[in-house]
Amino acid sequence: MLLSFLATTAIAVVVLRDLFAVVMLFGIYSLLTASIFLVLDAVDVAFTEAAVGAGISTVLMLATLALTARTEKKPRQWSPLPLVVVMITGATLIYGTLDMPRYGDPSAAIHQHVAPRYINESPHETGIPNIVTSVLASYRGYDTLGEVAVIFTAGVGVMVLLGAGTRSRKKKGEKS
Amino acid sequence: MQWLGLYNYWIVIFLMMAGFYVVISRSNLVKKIVGLNLFQTSVFILYISMSKVQGGTAPILKEGFAVYSNPLPHVLILTAIVVGVATTALGLALVVRIKEAYGTVEEDEIHNKDESL
């Protein structure tokens, strides 16, 4: 299954020290994620992830690599503490999933409340066949407005951070 | 068969922990941001896995289909992906700025420079 590819790519990302390879693998990882979204019926999310995750993120990271260092330095000594913390957290989370509804279960709690209303009423109320679009732009329009505010703030932040210096750094502006 | 339905969630947790491990154990700031992105993407997969309905199709209304996957998580994650890129861009800009100020992106070297001031 695609998810296993994803796990393998993640291991490679963790292990490799060449940051260029890490960024490229992260691009592959994003593309795999997009294919998984496609398999899971989330077409809108899939093409956003392919364009934004695999495209823009990779370009931004490569631009950063060009301005900083290409390889990661060796750590002084290997410490077992992070691994222990991660193992404990992971075990707790897996214990938490045992109560989750099984994959694809139509009687799961999240399919009972708001979603049926969107599926049944949105064609009459908005006239758009794509439910994701009508929820995004109509029912949850304020969410999208907030999202635009966040992107604007991030863009201003990037410009202030990179543009305020004496040197002109035009390689990496805001692209979101 | 009973446990197979949880496979998606377990992979999500594995990816999440891989990202978490990178963030807390590596000192390179670019690598840390890649780790944060791993973590973030795993949350996206968690949401989209939950929205899937067996035998359903993509939530675009069309004659002849009755079962649709849940559109609400799709909308939330659409927003989250775009916001995620905005925060990544901001983080990378900070990394570039730190490189300009300190001449390195390794966390321990930055600490040493701070101490020697």
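As a starting point, this report considers the structure included with it. Throughout, a residue's number is its position along its own chain's written sequence, starting from 1. Ligands are numbered from 1 and chains lettered from A, in the order in which they are written. Confidence filtering applies because this is a predicted model: local features only for residues at pLDDT of at least 70, side-chain atom pairs given and counted only at 80 or more, and all residues used for totals across whole chains, interfaces and linings. To get the side-chain values, all heavy atoms of the structure are used, and hydrogens and water are removed first.

1. Things to note about the overall build of chain A
Here comes step 1: A tally of helices and strands in chain A yields seven helices and zero strands.
Here comes step 2: Strands are runs of DSSP state E lasting at least two residues, helices are runs of H or I lasting at least four, and both sets are numbered from the N terminus onward. Along chain A, from the amino end to the carboxyl end, the secondary structure elements read α-α-α-α-α-α-α.
Here comes step 3: On the principal axes, the C-alpha backbone points of chain A span a range of 60 × 45 × 25 Å.
Here comes step 4: Relative to its full complement of 176 residues, chain A shows a buried share of 38%.
Here comes step 5: Partitioning the intrachain contacts of chain A with sequence separation of at least 6 by distance along the chain shows that 49% fall at a separation of at least 24. When a residue's accessible area, from a 1.4 Å probe over protein chains only, is under 20% of the maximum for its type it is buried; when over 50% it is exposed; and in between it is partly exposed. Every residue pair with non-hydrogen atoms within 4.5 Å of one another is taken to be in contact.

2. Focus on the interface of chain A and chain B
Here comes step 1: Each partner contributes residues to the interface: chain A has 85 residues there, and chain B has 78 residues.
Here comes step 2: Two parts placed together each lose some accessible area under a 1.4 Å probe, and adding up what both lose gives the buried area. Here chain A and chain B share an interface that buries about 7,700 Å² over both sides, 75% of which is from carbon and sulfur atoms.
Here comes step 3: Any carboxyl oxygen of Asp or Glu that lies within 4 Å of a side-chain nitrogen of Lys or Arg is treated as forming a salt bridge with it. At the junction of chain A with chain B, the criterion picks out one salt bridge.
Here comes step 4: In this structure, B:Lys52 and A:Asp41 form a salt bridge, with 3.1 Å as the shortest nitrogen-oxygen distance.
Here comes step 5: Every element with two or more residues in the side of chain A that touches chain B is listed here: α1 (2-15), α2 (19-39), α3 (43-67), α4 (81-97), α5 (115-125), α6 (131-139) and α7 (141-163) of chain A.
Here comes step 6: With 13 residues, the single largest contributor to the side of chain A that touches chain B is α3(A).
Here comes step 7: Note that Gly is not counted as nonpolar here; it falls among the polar residues with everything else outside the nonpolar set of Ala, Val, Leu, Ile, Met, Phe, Trp, Tyr, Cys and Pro and the charged set of Asp, Glu, Lys and Arg. Across the side of chain A that touches chain B, the residue classes break down as 55 nonpolar, 16 polar and 14 charged.

3. Quick notes on the packing of aromatic side chains
Each aromatic ring pair is specified by the distance between its two centres and by the angle formed by the two planes.
Residues and elements named next belong to chain A.
Here comes step 1: When two rings of Phe, Tyr or Trp (its six-membered ring) have centres within 6.5 Å they constitute a pair, described as stacked for plane angles under 30 degrees, edge-to-face for angles over 60, and tilted for the intermediate range. Scanning the model with the defined rule gives two aromatic pairs over all chains in all.
Here comes step 2: Ring plane angle 20° and centroid distance 5.7 Å describe the contact between Phe 26 and Tyr 29, whose orientation is recorded as stacked. Here Phe 26 and its partner Tyr 29 are both found in helix α2, three residues apart, which amounts to about one turn of the helix.
Here comes step 3: Note on Tyr 118 and Tyr 139: the rings are 4.7 Å apart at their centroids and 45° apart in plane angle, and the pair reads as tilted. Note that Tyr 118 is positioned in helix α5 and Tyr 139 in helix α6, a separation of 21 residues in sequence.
Here comes step 4: What makes Tyr 118 buried here is its relative accessible area of 8%.
Here comes step 5: What makes Tyr 139 partly exposed here is its relative accessible area of 27%.

4. Points about the pattern of salt bridges
Side-chain pairing between opposite charges can occur once the charged atoms of the two side chains come close.
All names here are of chain B.
Here comes step 1: A complete count under the given rule lists five salt bridges over all chains for this structure.
Here comes step 2: For the salt bridge of Glu 107 with Lys 32, the shortest nitrogen-to-oxygen distance reads 3.7 Å. Separated by 75 residues along the polypeptide, Glu 107 in helix α4 (residues 107-116) and Lys 32 in helix α2 (residues 29-51) bring together distant segments of the chain.
Here comes step 3: Given the relative accessible area of 32%, Glu 107 is considered partly exposed.

5. Digging into a nonpolar patch on the surface
Here comes step 1: Residues qualify for a patch when their relative accessible area is over 30% and they have no salt bridge, like charges being joined within 9 Å and the nonpolar side chains of Val, Leu, Ile, Met, Phe, Trp and Tyr within 5 Å. Note on areas: Shrake-Rupley with a 1.4 Å probe; residue coverage comes only from the protein chains shown. A surface patch of nonpolar side chains, amounting to about 400 Å² of accessible area, comprises A:Phe152, A:Val156, A:Met159 and A:Val160.
Here comes step 2: Position of A:Met159 relative to the elements: it lies in helix α7.

6. Focus on the side chain of B:Ser69
Here comes step 1: Residue position: B:Ser69 is located in the loop between α2 and α3 (71-102).
Here comes step 2: Sequence-distant contacts of B:Ser69, defined by excluding residues within four places in its chain, comprise A:Leu40, A:Asp41, A:Ile119, B:Ser51, B:Lys52, B:Val53, B:Thr57, B:Pro59 and B:His74.

7. Thoughts on α3(A)
Here comes step 1: In a regular helix each residue adds 1.5 Å, so 25 residues correspond to 36 Å; α3(A) covers 35 Å between its end C-alpha atoms and thus fits that length.
Here comes step 2: In α3(A), a bend of some 30° at A:Glu49 exceeds every other bend along the element. Expected helix span is taken as 1.5 Å per residue step, with the number of steps being one fewer than the number of residues. Note on bend: the value at a residue is the angle between axes fitted to the seven residues ending there and to the seven starting there.

8. Details of α1(A)
Here comes step 1: Between its terminal C-alpha atoms α1(A) stretches 20 Å, which fits the 20 Å expected from 14 residues at 1.5 Å a residue.
Here comes step 2: Within α1(A), burial applies to A:Leu3, A:Leu6, A:Ala7, A:Thr9, A:Ala10, A:Val13 and A:Val14. Seen from one end, α1(A) has its buried residues packed into an arc of 165°, which puts them on one side. Along α1(A), the residues that are exposed and aim more than 90 degrees away from the buried face are A:Phe5, A:Thr8 and A:Val15.
Here comes step 3: Buried positions along α1(A) lie against α2 of chain A together with α1 (7-25) and α2 of chain B. Each direction from the helix axis to a C-beta atom contributes to the arc, which is the arc of those directions.

In short, the description is geometric, and any link to function would need to be established separately.
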